[in-house]
Amino acid sequence: MAEDNVGRIVGGKLVRPKRQLAMVFDLNKCLGCQTCTIACKTLWTREEGMEHMWWATVNTMPGRGTPRDWEKMGGGFVKGASRAGKLPTNEEFGEAWQFNYDEVFYGGKGNEAHLAPQGKPPTWGPNWDEDQGGGEYPNAYYFYLPRICNHCTHPACLEACPRRAIYKRAEDGIVLIDENRCKGYRFCMEACPYKKIYFNHVRAVSQKCIFCFPRVEKGVAPACSRQCPGRLRFVGYLDDEKGPIHKLVKQWKVAVPLHEEYGTDPNVYYVPPLAPPRLDANGNVDETKPRIPADYLRSLFGPAVDRALDTLKAEMAKTRAGGKSEILDTLIVYSWPKDIFPDFAKDPATLEWTSAETAKKA
Ligand code: SF4
Ligand code: SF4
């Protein structure tokens, strides 16, 4: 059946979903607050065996990220052929840290005791290199990079699963794992070049971001997007020509995928970061080259990032000269939530949820 093959190559052709949901993250607005991270954690990964899971992460760039050095772990496709990938270790993900909550919050020592990791000192964690960044004073730089599963059009995880436990929904392109079929082989974790699959050691199954599908099906945006105070996580269908996703990605081309060369055709796009101008040795503005090295941004977002940045700069110049910019107005999001996820603007508190859904509405 064609729908069983969505996301697979059949007869030399990729079977695509009828529609594809996508997100755009505007990196110029991300403040690294981790509200998205916690919204997701609170909603989906509180069960036993999920303590170490962070389906939504936000790392400082340049940085080694999570799992540590994930960009060097392989996976994905090269010219359509699978590229070998590494299985990240627990230590590279950063195991769940234990804290002295009882002592600080319930032991009556709140004034002397402070929260600190307990037991063996951790060597890595999901946000270990926060705010370190790169460059030299006075031209140091960093930016935040939120990441989730990219719900790829050609998911390497799906192709790698011998159990056909991973599938891509025909109606919206969301990639899910059928936990009843999963046998815990973890080939998907090796194959995903974004290293966005986690292993539940209690239940012996792989688990990952589900694009909040129970919310999406009711017209409610994913929790990470709805809770984001920066209002930078756009959600919508790629083919909706009136929606912000299509305009930002396809029409204006100011949002570009991360590591497109990994070959999975990811469906999360990024408006690349502009930065303050460089300063020369005398402290004067030096416009001859950007503060964030162009080569570094190209290494993340490919050559298309140059055009995206040029367009953003031109639109900024236009507004400074008194003109209007539909692109900047769209990125500003004047009217929340309808301007950022028009099809998913319903307030979850206004809907009826079954008891099984109640825990998932936050
Ligand atoms: S990002 Fe990884 S886990 Fe998500 S669909 Fe793509 S290959 Fe699969
Ligand atoms: S909630 Fe929004 S602003 Fe905060 S870290 Fe996440 S994406 Fe960035």
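Residues numbered from 1 in each chain as written. Chains lettered and ligands numbered in written order. Predicted model: local features only at pLDDT ≥ 70, side-chain atom pairs only at ≥ 80, totals over all residues.

Some points on the sheet that holds strand β13 (residues 256–257)
Then step 1. Overall, mixed pairing links the 4 strands, which are arranged β12-β3-β14-β13 in an open sheet. Two strands close off the open sheet at either side, each with one partner strand: β12 (233–237) and β13.
Then step 2. Here strand β3 (residues 21–26) pairs with strand β14 (residues 268–271) via 4 bridges, running parallel. Across the sheet, D26 pairs through a bridge with V271, a residue of β14.
Then step 3. Running at roughly 95° to β12, helix α8 (residues 244–251) makes contact with β3, β12 and β14 of the sheet. (Pairing = 2+ DSSP bridges. Helix = DSSP H or I, 4+ residues; strand = E, 2+ residues; numbered from the N terminus. Contact = placed C-beta atoms within 7 Å. Axes fitted to C-alpha atoms, helices over the stretch in contact; angles between N-to-C directions.)

Points about the nonpolar core
Then step 1. V24, C40, C157, I166 and A255 are the most contacted members of the largest nonpolar core, which has 78 residues in total.
Then step 2. Discounting chain neighbours no more than four positions away, the residues touching I166 are P155, C157, L158, C161, V175, I177 and C188. (Core = buried A, V, L, I, M, F, W, Y, C linked by C-beta atoms within 7 Å. Buried ≥ 20, exposed ≤ 12 C-beta atoms within 10 Å, placed from the backbone.)

Focus on the pairing of strand β11 (residues 205–208)
Then step 1. Side chains of β11 alternate between two faces, with V205 and Q207 and S206 and K208 buried alike.
Then step 2. Here 4 bridges tie strand β10 (residues 197–200) to β11, and the two strands are oriented antiparallel to one another. Its bridge partner being in β11, Y198 is matched across the sheet by Q207.
Then step 3. Between the antiparallel neighbours β10 and β11 lie 4 residues, among them A204 with a positive phi of about 55°.

Quick look at the site of ligand 1
Then step 1. Around ligand 1, the structure places 14 residues, and the nearest of them are C149, C152, P155, C157 and C192.
Then step 2. Within the shell around ligand 1, the residues separate by chemical class into 9 nonpolar, 3 polar and 2 charged. (Near = placed C-beta within 6 Å. Nonpolar A, V, L, I, M, F, W, Y, C, P; charged D, E, K, R; others polar.)

Points about the confidence of the model for the protein
Then step 1. On average, residues of the protein score 95 in pLDDT, and 97% of them are at 70 or above.
Then step 2. Per-element averaging of pLDDT across the protein places helix α12 (residues 355–358) at the bottom with 64 and β14 at the top with 99. (pLDDT = per-residue confidence, 0-100.)

Points about the pairing of β3
Then step 1. Summarising burial for β3: 6 of the 6 residues are buried, a large majority.
Then step 2. Residue alternation in β3 divides its side chains into two sets, L21, M23 and F25 and A22, V24 and D26, and both sets are buried.
Then step 3. Pairing of β3 with β12 involves 5 bridges; the strand directions are antiparallel. Along β12, the bridge assignment pairs M23 with V235.

Digging into helix α1 (residues 35–44)
An α-helix turns once per 3.6 residues; consequently, residues spaced three or four apart project the same way.
Then step 1. Judged by how many residues are buried, α1 sits mostly within the fold: 7 of 10 residues are covered.
Then step 2. Along α1, the residues classified as buried are C36, T37, A39, C40, K41, L43 and W44.
Then step 3. Buried residues along α1 sit against β4 (57–61), β7 (143–147), α7 (223–227) and β12.

Some details on the site of ligand 2
Then step 1. Neighbouring ligand 2 are 15 residues; C30, C33, C36, C228 and G230 lie closest to it.
Then step 2. Those elements that place two or more of their residues in the shell around ligand 2 are α1 and β7.
Then step 3. Of the residues contributing to the shell around ligand 2, the split by class is 10 nonpolar, 4 polar and 1 charged.

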